[in-house]
Amino acid sequence: MKKRGPLFVMFIALATLLTGCGDSFVVLNPKGPQARTLSDTIIFSILMMLGVLVVVYILYIIMLSKYRAKKSAPDYIPPYEEGNKWLETIWTAIPIVIVIILSVVTLRTTSAVEKMPEGYENQKPLVIYAASSNWKWHFSYPEEGIETVNYVNIPVHRPIEFRLYSFGPITSFWVPQLAGQKYAMSDMINKLNLVAEIPGSYMGKNSNFSGEGFAHMEFEALAMSQKDFDEWAKKVKANEPELTETKFSELLKTAHVGRLSYSTTHLTFRPAPEDMSGMHGSGEGMDGMQEHPSPAPSDRAEFDASPDVSPTPTPESVSPSASVNP
């Protein structure tokens, strides 16, 4: 009993601290079809879990009351009871059925959120390149020819296709009220589809730990009408400075910045990696790939100066003794 006191206090303290994590429940307050699908799956899984817990606790109470220790005669020998095959079959089959149900629901949900939301398949999506760097987010609008940092504006009732990649470690792009999270990596593009059906400001973040500045990698996703979005894009194009290669290189090296806007994008001089999503299982070879963008001058200098990289041998440098007779 003495050991249970500190454990009970720790449990109460942990429960009190977790009450301050209210932001985590925004996933259960969806504002778009993709997020709604995920929210319904989470709620369904929770209800399944609660059903299992109810059955377990009821059986627990029955066992405690029916088979508790009793005062018996010293020579009392309890009767021998054999196992019940039907009961053993039932309690073996129930977990299997639960796993099958959850697996089917999860597969259907995963398939649904990877596609354009239902009812928006025939609309042209707004393509936005979302790139992460230590520790910020860059949003490039190739259609509008503008770029923002640490905030992204999108029109409501229009499918959005985010193309995710990273200029540093692996990060995870997540706007909980609009869609699930997806990883951004340095050498490939991942696509994330979403639709905002209600205008408003939604919090976005990096949900994958990526270093000491991880906690500051938050951004605002502002959903507005198509008219307001077009007016905002025109203002940025007309009033904000151009994003040069020098400025962009400095921006990548800066750890923390505020909200920034530019009238051009970095895609012209630092294009995104090749989209590999259509090549999985397609049988395409190297001929179907585009050349990966060349590293920045500073990266090339570090590569050339690396003592661990050996130069590629030329035909003149190969020893005659190493030649192979035809």
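Residues numbered from 1 in each chain as written. Predicted model: local features only at pLDDT ≥ 70, side-chain atom pairs only at ≥ 80, totals over all residues. Heavy atoms only, no water.

1. Digging into the confidence of the model for the protein
Confidence in the prediction for the protein averages 82 pLDDT; 77% of positions are at 70 or higher. Note that residues 278-326 has pLDDT below 50 and, in this model, 17 contacts with residues that lie over four places away or in other chains. (pLDDT = per-residue confidence, 0-100. Contact = heavy atoms within 4.5 Å.)

2. Brief notes about the layout of surface pockets
Reported here for the second largest pocket is a volume of approximately 230 Å³. Lining the second largest pocket are Val-52, Val-55, Val-56, Leu-59, Leu-87, Ile-90, Trp-91, Ile-94, Pro-95 and Ile-98. The biggest single contributor to the lining of the second largest pocket is helix H3 (residues 85-114), with 6 residues. Taken together, the residues of the lining of the second largest pocket sort by class into 10 nonpolar, no polar and no charged. (1 Å grid on protein atoms, 1.4 Å probe; cavity = no way out; pocket = protein on both sides within 12 Å on 5 of 7 lines; lining within 4 Å. Points joined across faces, edges and corners; volume = space filled by probe spheres on them. Helix = DSSP H or I, 4+ residues; strand = E, 2+ residues; numbered from the N terminus. Nonpolar A, V, L, I, M, F, W, Y, C, P; charged D, E, K, R; others polar.)

3. So, the pattern of salt bridges
In total, this model carries 5 salt bridges according to the counting rule given. Glu-197 is the partner of Arg-36 in a salt bridge, and the nearest nitrogen-oxygen pair spans 3.0 Å. Highlighted residues: Arg-36 in helix H2 (residues 33-66) and Glu-197 in the loop between strand E8 (190-194) and strand E9 (200-206), separated in sequence by 161 residues. In this structure Arg-36 comes out as partly exposed when scored by relative accessible area, which is 35%. Measuring nitrogen to oxygen at the nearest pair gives 2.7 Å for the salt bridge that ties Glu-220 to Arg-259. Within this pair, whereas Glu-220 is found in strand E10 (residues 218-224), its partner Arg-259 is found in the loop between helix H5 (245-253) and strand E11 (260-262), the two being separated by 39 residues in sequence. Take Arg-259: its relative accessible area is 49%, and that puts it in the partly exposed class. (Salt bridge = Lys/Arg side-chain N within 4 Å of Asp/Glu carboxyl O. Buried < 20%, exposed > 50% of the residue type's maximum accessible area, 1.4 Å probe, protein only.)

4. Some remarks on the sheet that holds strand E7 (residues 182-184)
Strand order in this open sheet of 5 strands is E4-E10-E9-E6-E7, and the pairing throughout is mixed. If you trace the sheet from one side to the other, it starts and ends with strand E4 (151-155) and E7, each paired once. Direction aside, the axes of adjacent strands within the sheet are offset by 30 degrees on average. The pairing of E9 with E10 spans 6 bridges and is antiparallel. Following the sheet pairing, Gly-204 is matched in E10 by Phe-219. Relative to E4, helix H4 (residues 226-239) is tilted by about 135 degrees, and along the sheet it contacts E4 and E10. (Pairing = 2+ DSSP bridges. Axes fitted to C-alpha atoms, helices over the stretch in contact; angles between N-to-C directions.)

5. Notes on the sheet that holds E8
Strand pairing in a sheet relies on backbone hydrogen bonds. The paired strands run either parallel or antiparallel. Taken in spatial order, the 6 strands of this open sheet run E8-E5-E1-E2-E3-E11, and their pairing is mixed. At either end of the open sheet lies a strand with only one pairing partner, and these are E8 and E11. Each adjacent strand pair in this sheet contributes to an overall mean axis angle of 20 degrees, direction not counted. As defined by bridge partners, strand E3 (residues 146-149) adjoins E11 across 3 bridges and the pair is classed as antiparallel. Directly across from Thr-148, in E11, lies its bridge partner Ser-261. Running at roughly 95 degrees to E3, H4 makes contact with strand E1 (126-133), strand E2 (136-141), E3 and E11 of the sheet. Along the sheet face, H5 touches E1, E2, E3 and E11 and points at about 150 degrees away from the line of E2.

6. Examining the environment of Phe-173
In this structure, Phe-173 sits in strand E6 (residues 171-174). For Phe-173, a relative accessible area of 0% corresponds to the buried category. Once the C-alpha coordinates of Phe-173 and Glu-218 are considered, the two residues, 45 residues apart in sequence, prove to be 9.7 Å apart. With near-sequence residues (within four places) excluded, Phe-173 lies in contact with Ala-130, Trp-137, Phe-139, Phe-162, Leu-164, Gly-180, Gln-181, Lys-182, Leu-192, Lys-205 and Phe-219.

7. Structural notes on the environment of Lys-235
Structurally, Lys-235 is set in helix H4. Distance from Lys-235 to Ser-263, taken between C-alpha atoms, is 9.1 Å for residues 28 residues apart in sequence.

8. What to know about the nonpolar core
By size, the foremost hydrophobic cluster in this structure holds 33 residues, and its most contacted members are Ile-128, Phe-139, Val-152, Ile-154, Phe-162 and Phe-173. If you list the elements that add at least two residues to this core, you get E1, E2, E4, strand E5 (160-166), E8, E10 and H4. Those residues in contact with Val-152, other than ones at most four positions away along the chain, are Ile-128, Phe-139, Tyr-141, Phe-162, Phe-219, Glu-220, Ala-221 and Leu-222. The next biggest cluster of nonpolar side chains, apart from the first, holds 7 residues, and it includes Val-127, Ala-131, Leu-267 and Ala-272. (Core = buried A, V, L, I, M, F, W, Y, C linked by side-chain atoms within 4.5 Å.)

9. Some thoughts on unusual backbone geometry
Residue Trp-135 is reached from Asn-134 by a cis peptide bond, and omega for that bond is -10 degrees. Residue Asn-150 is not a glycine yet carries a positive backbone phi of 65 degrees. Assessed through its relative accessible area of 11%, Asn-150 is described here as buried. Phi at His-157 is positive, roughly 55 degrees, even though this residue is not glycine.

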